[in-house]
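# Structural characterization, general
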Amino acid sequence: MKPVKFSTFFFTLLVGLVFQLYPWSNSGVIIRPDFLLVIALYWLLQAPYHCNIGWVWFAGLLVDLATGSLLGQHALTFSITGFLGVIYQRRLVLFNRWQLYLYLIFLFGMQRVLIMLLKLFAGGELPDWTYGLPIISDLILWQIMIMWFGELSRPKKL
C-alpha cells in the first residue's frame, strides 16, 4: 500500500464536515452517521503519520461548534473513541472482516453511549430505541471508506 497524501486526508475530512453539516430531514436525521468520526477514525488507523488523536479531537470540536451542542462533548467522545481504536491498531489488521466489524460496533456504540451520558448529565432526556441506528450507517460509511481507500494495511513481513 502506498502512502496517503496529506491533501487526500484533509480533503476527506472537509467532505466529512460538509456532510456532517448538511441539513438532514425526517428519517435522515435518525440514521445520519457521524461522518467526521468515521473518516477521522479510518485515517487514524490507516495513516497514523497524518492523523492522530489531536486531529480526531479537533474534528469533534468542529462538530460541537457547528451543531451548537455542549462545547467539548463530541471532542471528548471522539478522542476517547480514537484512543480505544489506537489501542488495538496493530491487532486490527489481523482481524478478519467480522471481528473488525464487531470491534467497530463496539467503538461506535461506545461513542453513542458517551454522548448519551453527557447529554443526561446536562439535563437531557433518555433517548428512544432509534438512538443506536447511526451505528449501522457508520458501518456502511466505513465500508465505503474501505472501497475507496483500501483495507487497513497489514504489517510487512520481515
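Residues numbered from 1 in each chain as written. Predicted model: local features only at pLDDT ≥ 70, side-chain atom pairs only at ≥ 80, totals over all residues. Heavy atoms only, no water.

With that out of the way, let us pick up the packing of helix α4 (residues 53-67) against helix α5 (residues 73-87). At a minimum axis separation of 7 Å, α4 and α5 run at an interaxial angle of 155°. One way to sum up the angle between α4 and α5 is to call them roughly antiparallel. Here the hand of the crossing between α4 and α5 comes out right-handed. Together, Ile53, Val56, Trp57, Ala59, Gly60, Leu61, Val63, Asp64 and Thr67 of α4 and Gln73, His74, Ala75, Phe78, Ser79, Gly82 and Phe83 of α5 make up the contact between the two elements. Looking at side-chain class alone, the contact of α4 with α5 contains nine nonpolar, six polar and one charged residues. (Axes fitted to C-alpha atoms, helices over the stretch in contact; angles between N-to-C directions. Helix = DSSP H or I, 4+ residues; strand = E, 2+ residues; numbered from the N terminus. Parallel < 35°, antiparallel > 145°, perpendicular 65-115°, else oblique. Left-handed = near helix turned anticlockwise from the far one by under 90°. Contact = heavy atoms within 4.5 Å. Nonpolar A, V, L, I, M, F, W, Y, C, P; charged D, E, K, R; others polar.)

We now examine the pattern of salt bridges. Tallied over the full model, the rule gives two salt bridges. We note a salt bridge from Glu151 to Arg97, for which the minimum N-O separation is 3.0 Å. In this pair, Glu151 sits in the segment after α8 (134-149) while Arg97 sits in helix α7 (residues 97-121), placing the two residues 54 residues apart along the sequence. Note on Glu151: relative accessible area 38%, which makes it partly exposed. What makes Arg97 partly exposed here is its relative accessible area of 44%. (Salt bridge = Lys/Arg side-chain N within 4 Å of Asp/Glu carboxyl O. Buried < 20%, exposed > 50% of the residue type's maximum accessible area, 1.4 Å probe, protein only.)

With that settled, consider the packing of aromatic side chains. By the definition in use, this model includes 18 aromatic pairs. A centroid spacing of 6.1 Å and a plane angle of 20° characterise the contact between Phe6 and Phe10, whose relative ring orientation is stacked. Taken together, the positions of Phe6 and Phe10, both in helix α1 (residues 6-21) and four residues apart, correspond to about one turn of that helix. Arranged with centres 6.5 Å apart and planes meeting at 80°, the rings of Phe95 and Tyr103 form a pair that is edge-to-face. Phe95 gets classed as partly exposed once you look at its relative accessible area, which sits at 26%. (Phe/Tyr/Trp six-rings, centres within 6.5 Å; stacked < 30°, edge-to-face > 60°.)

Following the sequence through the fold, Ser137 ends up in helix α8. Looking at Ser137, the relative accessible area reads 14%, which means it is buried. Looking at Ser137, its side chain comes within polar contact range of the main-chain oxygen of Ile31, at 2.5 Å. Within polar-contact distance, the side chain of Ser137 engages the backbone oxygen of Pro134 at 2.9 Å. Apart from the residues within four sequence positions on either side, Ser137 is in contact with Ile31, Arg32 and Pro33. (Polar contact = N/O pair within 3.5 Å; in protein donor to acceptor, adjacent residues only side chain to side chain.)

This part takes up the layout of surface pockets. What the second largest pocket holds in volume is close to 350 Å³. If you trace the second largest pocket, you find 19 residues lining it, with Val29, Arg32, Arg112, Lys119 and Tyr131 closest to the centre. Top element by residues in the lining of the second largest pocket is α7. It accounts for four residues. Classifying every residue of the lining of the second largest pocket by side-chain character gives seven nonpolar, seven polar and five charged. (1 Å grid on protein atoms, 1.4 Å probe; cavity = no way out; pocket = protein on both sides within 12 Å on 5 of 7 lines; lining within 4 Å. Points joined across faces, edges and corners; volume = space filled by probe spheres on them.)

Before going further, it helps to examine the packing of α1 against α4. Packing of α1 against α4 leaves a shortest axis separation of 11 Å and a crossing angle of 25°. Overall, the two elements α1 and α4 adopt an arrangement that is roughly parallel. Like other packed secondary-structure pairs, α1 and α4 cross with a definite hand, here right-handed. Seen from α1, the contacting residues are Phe6, Phe9, Phe10, Leu13, Leu17, Gln20 and Leu21; seen from α4, they are Trp55, Leu62, Val63 and Ala66. Looking at side-chain class alone, the contact of α1 with α4 contains 10 nonpolar, one polar and no charged residues.

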